[in-house]
Amino acid sequence: MSTGMVIIGAGHAGVRAALAIREAGYDGPVSLVADEGSQLPYERPPLSKWTVDAPDVPVPLIPSSQLEEARIERIDGRVTSINASDKFVLMSDGTTRPYAKLLLATGAAARRLPETLAGQSPILYLRDLADAQRIRQMAAQSSSAAIIGGGFIGLELAASLRGAGLAVQVLEAANALLARAVSADVARIVHQLHVDHGVQFIFDAHTVELSASDGHIRLNSDEHITADMIIAGVGSVPVIELADSAGLEVSDGVIVDSHLRSSNPDIYAAGDCCSFPLYGSDGPATRLESWQAAGDQGAVAGLNMVSDTADTYTSVPWFWSEQYDHVLQVAGLTTPDMTFVQRAYGGTHHVTFGLNPDGSLGYACGIAEGLKVAKDIRFAMKLIEKARAIDKEALADPQIALKTLR
């Protein structure tokens, strides 16, 4: 029986892995299995960021000709189980596909509100193209929206819906926006940007009763909210059911080593569905939801599927978000023992740095109009990689270029 490389999931991680497999010199069959029905792999970041006059079509990850030239087969179908001992996957149509190496790039799914709260109410979520199209279609028929959750997705949707002319309320359970992702200073700027654009916020908002059919929400404060459409952006959960049923080690994601290899040496995982050691084999188990991480992990996994442990994944986490005409970027991850240093350029241009106990840089987040913050975050990533102690005063001084601190 012939075998090949099988990739479950045709998002950013899966496509990058497939191309990396070819670039590494593998000449056998390479298959991408996708169950969304879209004819081409597409970019997910634009799904939450759109304008009224923007076409309601996906942005392709790569041209179709690139997949064809690389002889990568795209299969519209769904894998129902993995037989790890005999090395084949079972498809929903009853057919099987053997593999020499398998990659799980199954991503994550939108976290759903508890059934005891939402029941059968038609709450809107955003994770894929169909979700995005449904939200845009409803927005065209609505005048108001309530968004449960003030994370990146919720805020990006708030900006898009305001651009479409809807009245928008964001209900956030915490007492501030983005508390786990960015500094308080950056979060305040994001908050004010939305307020300036007409978004209303309710903090410490816990939903106790919800009926999307009539647009009704009752909060723990006994405040009542009504809206034409209700969207929940309350996080995500990794899609690990296939891995779990195949006997792979899972926790908050498919557990992999620094080569993106799972507890089964012939099965790899990359992207939102995997839990990997941050910065190398001794790092803490980490799961990222990041466009950059998904692509980089896919490339490393694809190479290692051909060459076993030829490469390791040690990249600095990097995230970005568009908030109206401002761009927010984050590099690294915070830890409880960090000391934070502020670099204020004035107005809405601000960067926060997180220093580890040894004085090295471990984190940076910033926001500014356009791409002004990109340079600082790019140099911050280089400083994080170098892991050397940095002078606090120099970090705080906007007159001192970060590139001089390397």
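Residues numbered from 1 in each chain as written. Predicted model: local features only at pLDDT ≥ 70, side-chain atom pairs only at ≥ 80, totals over all residues. Heavy atoms only, no water.

**Student:** Account for the packing of aromatic side chains, with residues named and values stated.
**Tutor:** In total, this model carries three aromatic pairs according to the counting rule given. Considering the side-chain rings of F276 and Y313, the 5.2 Å spacing of their centres and the 85° angle between planes classify their relative orientation as edge-to-face. Linking F276 in strand β20 (residues 274-277) with Y313 in the loop between α8 (291-307) and β22 (318-323), this pair joins segments that are 37 residues apart in sequence. Pair check on accessibility: F276 and Y313 agree, each one buried. Ring geometry for F340 and Y363: centres 6.3 Å apart, planes at 90°, overall edge-to-face. Here F340 is found in strand β24 (residues 339-346), whereas its partner Y363 is found in strand β26 (residues 361-369), with 23 residues between them in sequence. Given a relative accessible area of 2%, Y363 falls into the buried group. (Phe/Tyr/Trp six-rings, centres within 6.5 Å; stacked < 30°, edge-to-face > 60°. Helix = DSSP H or I, 4+ residues; strand = E, 2+ residues; numbered from the N terminus. Buried < 20%, exposed > 50% of the residue type's maximum accessible area, 1.4 Å probe, protein only.)

**Student:** Break down the side chain of S360 for me, with residues and values.
**Tutor:** Residue placement: S360 occurs in the loop between β25 (349-355) and β26. For S360, the side chain forms a polar contact with the side chain of D358, separated by 2.7 Å. In contact with S360, other than residues within four places in its own chain, are G354, L355, A387, R388 and A389. (Polar contact = N/O pair within 3.5 Å; in protein donor to acceptor, adjacent residues only side chain to side chain. Contact = heavy atoms within 4.5 Å.)

**Student:** Can you lay out the pattern of salt bridges for me, pointing to particular residues and giving the numbers?
**Tutor:** Overall, the coordinates contain 14 salt bridges when judged by the stated rule. Here R97 and E73 are joined by a salt bridge, their closest N and O atoms 3.1 Å apart. Taken as a pair, R97 in strand β6 (residues 96-98) and E73 in strand β3 (residues 72-76) lie far apart in primary sequence, 24 residues in all. Residue classification places R97 among the partly exposed residues on the basis of a relative accessible area of 26%. Ionic pairing is found between D266 and K87, a salt bridge with its closest N-O pair at 3.4 Å. Residue D266 is located in the loop between β18 (253-255) and β19 (267-269), and its partner K87 is located in the loop between β4 (79-83) and β5 (88-91); the two are separated by 179 residues in the primary sequence. With relative accessibility at 21%, the residue D266 sits in the partly exposed group. A single network of salt bridges, built from pairs that share partners, joins R127, D252, D272, R287 and E289. (Salt bridge = Lys/Arg side-chain N within 4 Å of Asp/Glu carboxyl O.)

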